[in-house]
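# Geometric and topological summary
The lines below spell out each chain.
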Amino acid sequence: MTSRRKRNLMLAGKWAGYFVLLLLAATLQTTPGFLVLGEIRPVFILPLCLGVAVCEGEYPGAFFGAVGGLLWDFTAGRPGGLLALELLFVCFGAAILVELYLRLNSMNFVLVSGVCALIVTGVDFLFFYAMPGYAGAAARYFEVVLPIAVFTAALSPASLWAARQVNRRFALPD
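Residues numbered from 1 in each chain as written. Predicted model: local features only at pLDDT ≥ 70, side-chain atom pairs only at ≥ 80, totals over all residues. Heavy atoms only, no water.

## Here's the deal with unusual backbone geometry
Worth spelling out the cut-off: Under the scheme used here, helices are H or I runs from DSSP no shorter than 4 residues and strands are E runs no shorter than 2 residues, and both carry numbers assigned from the N terminus.
We note that leucine 35 has phi near 55°; this positive angle belongs to a residue other than glycine. Examined against the element boundaries, leucine 35 turns out to sit in the loop between α1 (4-30) and α2 (45-56).

This is the structure we're talking about:
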């Protein structure tokens, strides 16, 4: 049996580790020229939030997704809220999907991450390109939005690995 103090320290260490990973993901996502292929660059915050959600469960994962979405909104220079709500719902849904229906392995996480990236980038495209009526919006969807989702999904196992390492390092003994 562990003491309450040790349990609280382990929980604080775990969430501090997740937050450091989130800051690292935001830094990598906003670094100019890092992993850029034309106009396509991967998203690092989304797979990390999904990794934390599948490791920690639906409610802590949804909260972490909302925090990650607010950070993403802030680093993108947009009004806060849309990405926070999207990541809240996506992380909640992904955690439930993995808990109830899927085994947590790299391939399933790549698929979940790819679908979630399509949802998040698709909603972003809808509100910022399709609804305002920009010319060539459909071409931009197929040339930029879909490859971003694929690139993000391809790099997502690293985020799952990092979230699992923090989860294992700060696991409470039985």
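## Thoughts on the confidence of the model for the protein
Selection criterion: A residue's pLDDT is simply how confident the predictor is in it, with values from 0 to 100.
When the pLDDT values of the protein are averaged, the result is 87; 98% of them are 70 or greater. Here helix α5 (residues 106-130) is the element of the protein with the lowest mean pLDDT, 87, and α2 is the one with the highest, 92.

## Some thoughts on the packing of α1 against α2
We count it as follows: For every element, the axis is a line fit to its C-alpha atoms; helices are fit only across the contacting stretch, and the angle between N-to-C directions ranges from 0 to 180 degrees. Comment on the angle field: the value is read as roughly parallel under 35 degrees, roughly antiparallel over 145, roughly perpendicular from 65 to 115, and oblique elsewhere. By definition, turning the near helix anticlockwise from the far helix through less than a right angle yields a left-handed crossing, and turning it clockwise yields a right-handed one. The contact definition used throughout considers only heavy atoms, calling two residues in contact when any of these lie within 4.5 Å. Only Asp, Glu, Lys and Arg are considered charged in this grouping, and only Ala, Val, Leu, Ile, Met, Phe, Trp, Tyr, Cys and Pro are considered nonpolar; every other residue, Gly among them, is considered polar.
Their axes nearest at 9 Å, the elements α1 and α2 cross at an angle of 160°. In this view, α1 runs roughly antiparallel relative to α2, as classed from their interaxial angle. Taken as a pair, α1 and α2 cross one another with a handedness that is right-handed. Two secondary-structure elements touch here, α1 through Lys14, Trp15, Tyr18, Leu21, Leu22, Ala25, Ala26 and Gln29 and α2 through Ile45, Leu48, Cys49, Val52, Cys55 and Glu56. Grouping the amino acids of the contact of α1 with α2 by side-chain chemistry returns eleven nonpolar, one polar and two charged.

## Structural notes on the packing of aromatic side chains
To keep it simple, the criterion reads: Whether two aromatic rings pair depends on their centres lying within 6.5 Å, for rings of Phe, Tyr and Trp, where Trp uses its six-membered ring; planes under 30 degrees apart make the pair stacked, over 60 edge-to-face, and the rest tilted. By definition, being over a ring means that NZ of Lys or CZ of Arg is both within 6 Å of the ring centre and within 35 degrees of the ring normal.
Applying the stated criterion across every chain, the model contains seven aromatic pairs. Seen in terms of ring centroids, tryptophan 15 and tyrosine 18 are 5.0 Å apart; in terms of plane orientation they differ by 70°. Their pairing is edge-to-face. You can see tryptophan 15 and its partner tyrosine 18 sitting in helix α1, three residues apart, about one turn around the helix. Site record: aromatic cluster; members linked through ring pairs are Trp15, Tyr18 and Phe64. Above the face of the phenylalanine 170 ring, arginine 169 is positioned so that its terminal group lies 5.1 Å from the ring centre.

## A word on the nonpolar core
Across soluble globular proteins, nonpolar side chains have a tendency to be buried as a group. Which entries qualify depends on this criterion: Here, the term nonpolar core denotes a set of buried Ala, Val, Leu, Ile, Met, Phe, Trp, Tyr and Cys residues that are joined through side-chain atoms within 4.5 Å. Throughout, exposure labels follow a simple rule: accessible area from a 1.4 Å probe, protein chains only, divided by the maximum for the residue type, with under 20% read as buried, over 50% as exposed, and the rest as partly exposed.
Membership of the largest hydrophobic core comes to 42 residues, with the highest contact counts inside it found for Ile45, Leu46, Leu50 and Trp72. Broken down by secondary-structure element, the contributors of at least two residues to this core are α1, α2, α3 (58-75), α4 (82-100), α5 and α6 (137-169). No other element matches the nine residues that α2 contributes to this core. Setting aside residues up to four positions removed in sequence, isoleucine 45 forms contacts with Leu22, Ala25, Ala26, Gln29, Gly68, Trp72 and Leu87.

## What to know about the side chain of threonine 152
Quick note on the threshold: Two N or O atoms count as a polar contact when they lie within 3.5 Å, although within protein this holds only if one can serve as hydrogen donor and the other as acceptor, and sequence-adjacent residues are included solely when both atoms are side-chain atoms.
Positionally, threonine 152 belongs in helix α6. The buried category is assigned to threonine 152, whose relative accessible area is 1%. Looking at threonine 152, its side chain comes within polar contact range of the main-chain nitrogen of valine 43, at 3.0 Å. Here threonine 152 is in contact with Pro42, Val43, Pro47, Ser113 and Ala117, once residues within four sequence places are set aside.

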